[in-house]
Amino acid sequence: MAKAGCWYLRTMFVSAIMYNDCSKLREGGQGLMLGWFRRVGVPTAVATCVLWTLPHSCAAAPPKPIAETIEAIVARMRADLTPDDLMKADAATVERYVTDADRETLATRYWTFRSDAPCRVSVMRHTAQATPPYWLAERGFTRTDLRVRNDEYEYEVWQKDFPAGPIGLGINGFDRHRPHYFVSVQPATPGGKLTLSGFDPPDQQQYVMRPGSTIYHDWPDLVLTEVPESLRGGILLPTIRGRAREAHLIQGFRATPFPSSRKPDLVALTWSGDPRTSVAIQWRTSPSVRTGMVRWRAVGSRTWRTVEAKSQDLHDARILNDPTVRRFTASSSGLKPGRAYEYSVGSPGGTWTAPATFKTAPARPGQFSFVWLSDTHNRPDTEPLLQRALQTHPDAAFCTVTGDLVDTGQQRDDWDQFFTYAGPFARKLPLVPTIGNHDTIDGLGADLYLSHFALPRNGAPGLQPERSYHFTYGNALFVALDCTDSIEAQTPWLDKVLRNSKATWKFALFHFPPYALSQDYPEIEREWVPLFERCGVDFVLCGHVHHLQRTHPLIGGKPAPKGRRAPIYLITVAVGQGKSVDAVPEHSVLASKPGPPLYHAFRIRGATIEMECRDATGKLWDTLRVRK
């Protein structure tokens, strides 16, 4: 279909969703859209074309005037205050560095649009926020007695009438209050009509203000439960909670415990191609290092080869002691299967790291092991867990981490910590990550996650490259899925990958567990679980809920008949088991009480898999042996 046709269908769909199915929009929107297209008879190929034209993430850059104003305030504060004063900055301190011009910009340029008719704008502010945004009263908004509620929060309603034309709203505050305000707009005259346009940030969704509607794209299941009659039927403008971070200055400054220097560090291996013939190497330096290179050779060879690295600057003005770092990535290809190589990273005329070694995957399937962690949250626990894993499984080929690698995916200092603690392992053996909700927290996207890894670009169409991917190692297929993005949009790709694989063993890797103490992800159960059962997936590795759990082989959520092959679902956590378990669910063999951080290791010998779960002391928490 021609591109114009796709845009026509997109426009028709957005118009329909405004007045019909908006309350069910999933994160990113693609899942609902694909299902809606199918229900009304639009062919899948056309639907996919339409989805490709839509934004792939809830995240959007702050409006340029806001970003520039906040940067200017930060610069003034940094020039005048000590690091200790900055990290303790309260509201009064911040206000000293905000000019009248800043106040005007921050009150009117944060969320802007146009109305073609006179209208009443209602701002729903979370009642637990310590101080209302300063601009509400200053710009003539009136606090009413109206209240709007969902299952978690209560919001007070501030209102102001506007003539036809531009409308500008302000920041959520200088604190980082996560339940961001949201907006509804109604015609000034009851029964009148209006159209909103010219949004900044762009790609604004428009829903109907009514019970059942969602207000945060990053929490689509949190829907309105109580809406005053006088507000119903208006145009609801949802947002993402992450926007509260755009003007975060009150105790918003940080210091990384591991600042960069001219010496390369935080070296980590990944795969972006075939594990038998390639490897990707990432590291960082201070921005004063302009170029980076990898030199490598087969162990025993006297000849070094070099590969020039690509670089990217990662900037965070709120990291006081290291606001900008340079991240390098280089890929080596044409390697021989099953060979050991040594490598070093550095720059011409600069510092080089001590040589480290890695080994490519064998040409033919053979015995190997791999390590699995989840929910590392940039904690120091990661390092002793991986050290113990290498002691118990010296033949480990890689480590997969199924989400929540860090606490806050948009804070680069969290990534500094993660790679420091994973570094002794990751310099020798590749990391195989998947995205968790903390890695793309509050709807702000996974840009920093993607900046730190070079991964296969063979994932689901319509998603950002590297958010989902697959690879084969030995006789095992590994499929990494992004459960923070559209579930349904990944289903056709997942089906194809699983059906086309001849691997003996199949693993699915993602963050949200379909079967835990409770079953909170019905869309995953509906879309992916039938494929796991039909296409012979053996193990589904998840995290998120912070406890240890292993199910029976399951069919439709129930234990499979004895002797029947079916997927086994496992959950682990690398920061300590924090969930209290009253009873083991019927579908599970094990669901542990609170305990220490854990890792799992799988050893694959042809048609046999042996799994064990240990803590950093070596204590055994679970074992399993499966033979085909």
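Residues numbered from 1 in each chain as written. Predicted model: local features only at pLDDT ≥ 70, side-chain atom pairs only at ≥ 80, totals over all residues. Heavy atoms only, no water.

**Q** In this structure, what is going on with the sheet that holds strand β21 (residues 431–434)? I would like to understand it.
**A** Across a sheet, paired strands are connected by hydrogen bonds in the backbone, their directions being either parallel or antiparallel. Read across the open sheet, the six strands follow the order β21-β20-β19-β31-β32-β33; overall the sheet is mixed. Two strands close off the open sheet at either side, each with one partner strand: β21 and β33 (620–627). For this sheet the average axis-to-axis angle between neighbouring strands, irrespective of direction, equals 15 degrees. Of the strand pairs in this sheet, strand β19 (residues 368–373) and strand β31 (residues 599–605) are connected by five bridges, and their pairing is antiparallel. Following the sheet pairing, Val-371 is matched in β31 by Ala-601. (Pairing = 2+ DSSP bridges. Helix = DSSP H or I, 4+ residues; strand = E, 2+ residues; numbered from the N terminus. Axes fitted to C-alpha atoms, helices over the stretch in contact; angles between N-to-C directions.)

**Q** How do you make sense of the packing of helix α4 (residues 64–80) against helix α7 (residues 100–108) when you look at a structure like this?
**A** For any two helices packed against each other, one specifies the inter-axial angle together with the distance between the axes. Here α4 crosses α7 at 145 degrees, and the two axes come no closer than 9 Å. Remark: the crossing between α4 and α7 carries left-handed chirality. On α7, the residues touching Pro-65, Ile-66, Thr-69, Ile-70, Ile-73 and Arg-76 of α4 are Asp-102, Thr-105 and Leu-106. Among the residues making up the contact of α4 with α7, the classes are represented as five nonpolar, two polar and two charged. (Left-handed = near helix turned anticlockwise from the far one by under 90°. Contact = heavy atoms within 4.5 Å. Nonpolar A, V, L, I, M, F, W, Y, C, P; charged D, E, K, R; others polar.)

**Q** Even after reading the chapter, I still don't get the packing of aromatic side chains, so can you show me in this structure?
**A** Here the distance between the centres and the angle between the planes together describe a pair of aromatic rings. In total, this model carries 41 aromatic pairs according to the counting rule given. Residues Phe-370 and Phe-602 carry aromatic rings whose centres are separated by 5.0 Å and whose planes lie at 5 degrees to one another, so their mutual orientation is stacked. Highlighted residues: Phe-370 in strand β19 and Phe-602 in strand β31, separated in sequence by 232 residues. Judged on exposure class, the residue Phe-370 and its partner Phe-602 are both buried. Geometrically, the ring pair formed by Trp-415 and Tyr-449 is edge-to-face, given 6.3 Å between the ring centres and 65 degrees between the ring planes. You can see Trp-415 sitting in helix α10 (residues 412–426) and its partner Tyr-449 sitting in helix α11 (residues 447–452), a full 34 residues away along the chain. Each member of the pair, Trp-415 as well as Tyr-449, carries the same accessibility label: buried. The aromatic ring of Tyr-134 is capped on one face by Arg-103, whose charged end is 4.2 Å from the ring centroid. For Arg-295, the ring lying beneath its charged end belongs to Trp-304, and the centroid distance is 5.7 Å. (Phe/Tyr/Trp six-rings, centres within 6.5 Å; stacked < 30°, edge-to-face > 60°. Buried < 20%, exposed > 50% of the residue type's maximum accessible area, 1.4 Å probe, protein only. Lys NZ or Arg CZ within 6 Å of the ring centre and 35° of its normal.)

**Q** It is not clear to me how the sheet that holds strand β22 (residues 469–473) should be interpreted in this structure. Could you clarify?
**A** Strand order in the open sheet formed by seven strands is β22-β23-β24-β25-β29-β26-β30, with mixed pairing between adjacent strands. With one partner strand each, in any of the chains shown, β22 and β30 (588–591) form the two edges of the open sheet. For this sheet, the mean inter-axis angle between neighbouring strands, taken without regard to orientation, is 15 degrees. Where strand β25 (residues 539–542) lies against strand β29 (residues 568–571), four bridges are found, and the strand directions are parallel. Residue pairing in the sheet places Phe-539 in a bridge with Ile-568 of β29. Set on the sheet, helix α12 (residues 487–500) makes contact with β22, β23 (476–480) and β24 (505–509); between it and β23 the angle comes to about 175 degrees.

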